[in-house]
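As a plain string of letters, each chain reads:
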Amino acid sequence: MKNVIISCSAALALLISCSPSTEKKVDKGTSTEIKKDTISGPEPVKNAISKVDIPDDFSALVPIDILNSKSTDVYEKYGIEFSGNCYSCDLASLSITKDKMIWTNICDEKDTFKIVDFSISAEGNKTILKTSERVYILTQIDKAPVYELVIEGQKLDLNNKRISRYFTTKKALAMFKEHDCGDFEG
């Protein structure tokens, strides 16, 4: 009799612990909470990104290139790219304000390409601008100021506006060794 009671108790405990209705109720409650947390998590991050202030220097960035890679003086190392500025006139300057990015042909101020839908964030010396197609990363690589631009995502194809890898501010351009086309008549 003792063995029958123990066997029935064990079988009853096994049946109760394996009940499908109890298991489903626990899983539904847990999965609903996880989904709610996952969905609501990213929202505050997006709001924080849009509130980053854009440096005033970004309103007039001009393209430069490495002229003397061995130089330790930043003003001799970088300067204007003669071909793109003076001969083919196909380089693009960049202007970034809080609501738009404007790529402009350096020889024709009317030849522009505007981007208005982007978010911005900052990480140390990097400013990151994101659109639905691309990520633009502007990194200040020298206090001169010299910025390196990296574009990730879909290729940015601008008609008659070639994008340089390096930029400086319009004010600082005069301090670089070569900053104009001189008497070039090409």
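Structure shown above.
Residues numbered from 1 in each chain as written. Predicted model: local features only at pLDDT ≥ 70, side-chain atom pairs only at ≥ 80, totals over all residues. Heavy atoms only, no water.

A. Geometry of the overall build of the protein chain. Along the backbone of the protein chain there are five helices and 10 strands. The buried share of the protein chain, taken over its 186 residues, is 31%. (Helix = DSSP H or I, 4+ residues; strand = E, 2+ residues; numbered from the N terminus. Buried < 20%, exposed > 50% of the residue type's maximum accessible area, 1.4 Å probe, protein only.)

B. Representation of the side chain of Thr104 within the structure. Inspection of the secondary structure assignment puts Thr104 in strand S4 (residues 101–105). With sequence-adjacent residues up to four places away left out, Thr104 is seen in contact with Leu91, Ala92, Ser93, Glu109, Asp111, Thr112 and Lys161. (Contact = heavy atoms within 4.5 Å.)

C. Molecular detail of the pairing of strand S10 (residues 166–169). Judged by which residues are buried, S10 turns out to be covered on both faces: Tyr166 and Thr168 on one side and Phe167 and Thr169 on the other are all buried. Two elements, strand S1 (residues 61–66) and S10, share four bridges in a ladder whose sense is antiparallel. Looking across to S10, one finds that Val62 is bridged to Thr168. Where strand S9 (residues 146–153) meets S10, two bridges bridge the pair, whose relative direction is antiparallel. Pairing of Glu148 across the sheet is with Tyr166, part of S10. (Pairing = 2+ DSSP bridges.)

D. Up close: the side chain of Arg134. Turning to its location among the elements, Arg134 is positioned in strand S8 (residues 134–142). By relative accessible area, which is 11% here, Arg134 ends up buried. Dropping the residues within four chain positions of it, Arg134 is found in contact with Leu129, Ile151, Glu152, Gly153, Gln154, Lys155 and Leu156.

E. Spotlight on the state of the cysteines. Tallying each qualifying case throughout the model produces one disulfide. Put simply, Cys89 and Cys107 are joined by a disulfide, and their sulfur atoms are 2.0 Å apart. Its S-S torsion of about -70 degrees marks the bond between Cys89 and Cys107 as left-handed, since a negative value means left-handed. With Cys89 in the loop between helix H5 (82–87) and strand S3 (92–96) and Cys107 in the loop between S4 and strand S5 (108–115), this residue pair connects regions lying 18 residues apart in the sequence. Residue Cys107 is classed as partly exposed on the basis of its relative accessible area, which comes to 41%. (Disulfide = S-S within 2.5 Å.)

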